[in-house]
Amino acid sequence: PYLINLGSTYWWLHDYDGWARIMDRIVAYNPDLRPGRIFRAHVELERRADTRSLRAAIEKILTNEPGSEKDPFVAGQRYTLALYDRDWDAAGSSAALLSQKNSLPWFPQLGRDFWVGVVARLKGDETSARAAFMRARAQQEEELRVHPDDAVLLADLGLIDAGLGRKEEALN
């Protein structure tokens, strides 16, 4: 965990050489760990906005590791890569592979339906986007019934409402 924290510090500081050195140590320590290899590929993405290293790392994992296409972490990275590449068809295919809950690490409370709605919106399919956001809203409301004091769930409900075009509800 200390190396991961140190690597994150280098990332926040935009010290990509330091981040790369730490990620190389993490990968050398445990080369079978998928997140380490994928995060190492993120260095070049962050440094130069070049998705080639991330794409190569994901493709290598998918080719050499049977069953990796079902790994929720790999699915989330494939979705993220497709968004970076503005490949809406690949993003739509990848969104379908996301977990229903805890789909992506950057917004863990938002489920698959929210991300399906994002892709539909990007494709210009407002009907599908609205249907996906409505499903996401129903799921989020259910979570809020169980955890009514969870501010993160409430903030994410605001994101969903924004996706639905409900500006006033999103701001409340």
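In this report, we go over the structure that sits alongside the text. (Residues numbered from 1 in each chain as written. Predicted model: local features only at pLDDT ≥ 70, side-chain atom pairs only at ≥ 80, totals over all residues. Heavy atoms only, no water.)

1. Describing the pattern of salt bridges
Phase 1: Tallied over the full model, the rule gives 17 salt bridges.
Phase 2: As a salt-bridge pair, Arg55 and Asp85 come within 2.5 Å of each other at their nearest N and O atoms. Separated by 30 residues along the polypeptide, Arg55 in helix H4 (residues 52-64) and Asp85 in the loop between helix H5 (72-84) and helix H6 (88-95) bring together distant segments of the chain.
Phase 3: The exposure class of Arg55 is partly exposed, given its relative accessible area of 25%.
Phase 4: In this structure, Arg121 and Glu126 form a salt bridge, with 3.0 Å as the shortest nitrogen-oxygen distance. (Salt bridge = Lys/Arg side-chain N within 4 Å of Asp/Glu carboxyl O. Helix = DSSP H or I, 4+ residues; strand = E, 2+ residues; numbered from the N terminus. Buried < 20%, exposed > 50% of the residue type's maximum accessible area, 1.4 Å probe, protein only.)

2. With respect to unusual backbone geometry
Phase 1: The phi torsion at His14 lies on the positive side, around 60 degrees, for a residue other than glycine.
Phase 2: For His14, the location among the structural elements is in the loop between helix H1 (2-12) and helix H2 (16-29).
Phase 3: Positive phi values are uncommon outside glycine, yet Ala49 reaches one of about 55 degrees.

3. With respect to the environment of Gly111
Phase 1: Here Gly111 is to be found in the loop between H6 and helix H7 (112-123).
Phase 2: Expressed as a C-alpha distance, the spacing of Gly111 and Gln139, which sit 28 residues apart in the sequence, is 8.2 Å.
Phase 3: In contact with Gly111, not counting residues within four places along its chain, are Ser99, Gln100 and Ser103. (Contact = heavy atoms within 4.5 Å.)

4. Here's the deal with a nonpolar patch on the surface
Phase 1: Together, Trp106, Phe107 and Leu159 make up an exposed nonpolar region whose accessible area comes to about 260 Å².
Phase 2: Inspection of the secondary structure puts Leu159 in helix H9 (residues 151-163). (Patch = residues over 30% accessible without salt bridge, like charges linked within 9 Å, V, L, I, M, F, W, Y side chains within 5 Å. Areas by Shrake-Rupley, 256 points an atom, 1.4 Å probe, with all protein chains shown as cover.)

5. What about the layout of surface pockets?
Phase 1: Taken as a whole, the largest pocket encloses approximately 630 Å³ of empty space.
Phase 2: Lining the largest pocket are 23 residues, with Ile4, Ser8, Met23, Pro35 and Phe39 sitting closest to its centre.
Phase 3: At the level of secondary structure, the elements contributing two or more residues to the lining of the largest pocket comprise H1, H2, helix H3 (34-48) and H5.
Phase 4: The greatest single-element share of the lining of the largest pocket, amounting to six residues, is contributed by H1.
Phase 5: In terms of residue class, the lining of the largest pocket is built from 15 nonpolar, seven polar and one charged.
Phase 6: By volume, the second largest pocket amounts to about 200 Å³.
Phase 7: Sorting elements by how many residues they give to the lining of the second largest pocket places helix H8 (residues 126-146) first, with four residues. (1 Å grid on protein atoms, 1.4 Å probe; cavity = no way out; pocket = protein on both sides within 12 Å on 5 of 7 lines; lining within 4 Å. Points joined across faces, edges and corners; volume = space filled by probe spheres on them. Nonpolar A, V, L, I, M, F, W, Y, C, P; charged D, E, K, R; others polar.)

Functional significance is not addressed by these values, which are geometric in nature.
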